[in-house]
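# Observations on chain architecture
So you can see what is in the structure, the chains are spelled out below.
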Amino acid sequence: MTAEVALVVGGAGGIGEAIVRRLAAGAGKVVVADRDRDRGAAVADAAGGLFVPVDAGIPEHSERAVSVALQEFGRVDTLVFAAGAAGRCGLDGFTAWQYRETMRTNLDGAVYAIQAVLAPMRRQGGGSVLVTSSLAGLTGSPDVFYAAAKHALVGLVRSAASLLAADHIRINALCPGLVDTPLLAGLRRSLLDHGLRLADPDEIATAAETVLADPGSGRAWLVQAGRPAEPVPPPDIPLAPEP
């Protein structure tokens, strides 16, 4: 990866941890931000980086993480938002609190992290943002509000790209399919028994490397086990003709 300084939100485990390791292997400086203090500190220490405790759903926490990166390293070249959680409720058994908890981690946290990093990236002349969406953000899922949040991340990326182009800030989304992370721990055996393949988090880190090295912006990249990352074009919707 080409980043000199990266902030990885949700870097204490799963996909985020794999990306932290890849960044560190490329001699990059990494700030790991996560609410799992013990695991986050261990990952940061192994990567030779810094750990900042954050709750991604609180805007001030993202601002603090960016501030630490700037104080220690003077810049943030790459933001990776890898925090995520399964939906807390569905259409049945719905509660407003559980719905909001689903959105605050999967969608709001990404928005807050992006907002926190925009000003320093603009001052330094550019940067790259990579958010982790999901295959569920391109199709659908029984986990309806998780899918809704992941669809929103794809829409955010596709919409923000043109607005950030003049600032030389690229923004893209990773959309992994099934990945062998703690998020799927309870379903792992059943998925394997049904013949489904689970990607290793390192495969997603390889995809992240591909996306961060690519000059494009506003793309949603599909990542599935055993297959290279590939951008998924937005639907071709013809405009209505003039009356």
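Residues numbered from 1 in each chain as written. Predicted model: local features only at pLDDT ≥ 70, side-chain atom pairs only at ≥ 80, totals over all residues. Heavy atoms only, no water.

For the structure shown, the criterion picks out 11 salt bridges. The partner of Arg21 in a salt bridge is Asp202, and the shortest N-O contact between them spans 2.7 Å. Of the two residues, Arg21 is situated in helix H1 (residues 14-25) and Asp202 in helix H7 (residues 201-213); the sequence distance between them amounts to 181 residues. In this structure, Arg219 engages Asp214 in a salt bridge whose closest nitrogen and oxygen atoms are separated by 3.2 Å. (Salt bridge = Lys/Arg side-chain N within 4 Å of Asp/Glu carboxyl O. Helix = DSSP H or I, 4+ residues; strand = E, 2+ residues; numbered from the N terminus.)

With that settled, the discussion passes to unusual backbone geometry. Despite not being glycine, His168 has its phi angle at roughly 60°, a positive value. Counting through the fold element by element, His168 comes out in the loop between helix H5 (144-164) and strand S6 (169-176).

Taken N-terminus to C-terminus, the directions of H1 and H7 make an angle of 55°; their axes are 8 Å apart at the nearest point. For the element pair H1 / H7, the angle class is oblique. Considering only the axes of H1 and H7, their crossing is right-handed. From H1, Gly14, Ile15, Ala18, Ile19, Arg21 and Arg22 reach across to H7, where they touch Pro201, Asp202, Ile204, Ala205, Thr206, Ala208 and Glu209. Residues of the contact of H1 with H7, tallied by class, amount to seven nonpolar, two polar and four charged. (Axes fitted to C-alpha atoms, helices over the stretch in contact; angles between N-to-C directions. Parallel < 35°, antiparallel > 145°, perpendicular 65-115°, else oblique. Left-handed = near helix turned anticlockwise from the far one by under 90°. Contact = heavy atoms within 4.5 Å. Nonpolar A, V, L, I, M, F, W, Y, C, P; charged D, E, K, R; others polar.)

In this section: the sheet that holds strand S3 (residues 50-53). A sheet is described by the order of its strands in space; here eight strands give the open sequence S3-S2-S1-S4-S5-S6-S7-S8, paired in mixed fashion. Each edge of the open sheet is held by one strand with a lone partner, namely S3 and strand S8 (230-232). Sheet twist, expressed as the average angle between the axes of neighbouring strands with direction ignored, equals 25°. Where strand S7 (residues 220-223) and S8 come together, three bridges link them in antiparallel fashion. Each bridged residue has a counterpart across the sheet, and for Trp221 the counterpart in S8 is Pro231. (Pairing = 2+ DSSP bridges.)

Turning next to the packing of helix H3 (residues 59-73) against helix H4 (residues 96-124). Where H3 meets H4, the axes come as close as 8 Å, and the angle between the chain directions of the two elements is 35°. Regarding H3 and H4, the two cross each other, and that crossing is right-handed. Within the contact between the two elements, H3 uses Pro59, Ser62, Glu63, Val66 and Leu70 and H4 uses Gly109, Tyr112, Ala113, Ala116, Val117, Pro120 and Arg123. Grouping the amino acids of the contact of H3 with H4 by side-chain chemistry returns eight nonpolar, two polar and two charged.

This part is about the nonpolar core. Counting 36 residues, the largest nonpolar core has Leu7, Val9, Leu79, Phe81, Val129, Val131 and Ile171 as its most contacted members. Looking at this core, the elements that each hand over two or more residues are strand S1 (5-9), strand S2 (29-34), H3, strand S4 (78-81), H4, strand S5 (127-132), H5 and S6. Among the elements that line this core, the one with the most residues is H4, at nine residues. Filtering out sequence-adjacent residues up to four positions away, Ile171 remains in contact with Ile114, Val129, Val157, Ala160, Ala161, Leu164, Ser217, Gly218 and Arg219. Among the nonpolar cores identified, the runner-up in size contains 27 residues, and Val20, Leu23, Val80 and Ala207 belong to it. (Core = buried A, V, L, I, M, F, W, Y, C linked by side-chain atoms within 4.5 Å. Buried < 20%, exposed > 50% of the residue type's maximum accessible area, 1.4 Å probe, protein only.)

Next up on the list: the packing of aromatic side chains. A complete count under the given rule lists three aromatic pairs for this structure. A ring pair is formed by Phe94 and Tyr99, whose centres lie 5.9 Å apart and whose planes are at 40°; its orientation type is tilted. We classify Phe94 as partly exposed; its relative accessible area is 42%. The partly exposed category is assigned to Tyr99, whose relative accessible area is 26%. Here the aromatic residues Phe94, Tyr99 and Phe145 are joined through ring pairs into a cluster of three or more. (Phe/Tyr/Trp six-rings, centres within 6.5 Å; stacked < 30°, edge-to-face > 60°.)

Shape is all these values report; function is a separate question.
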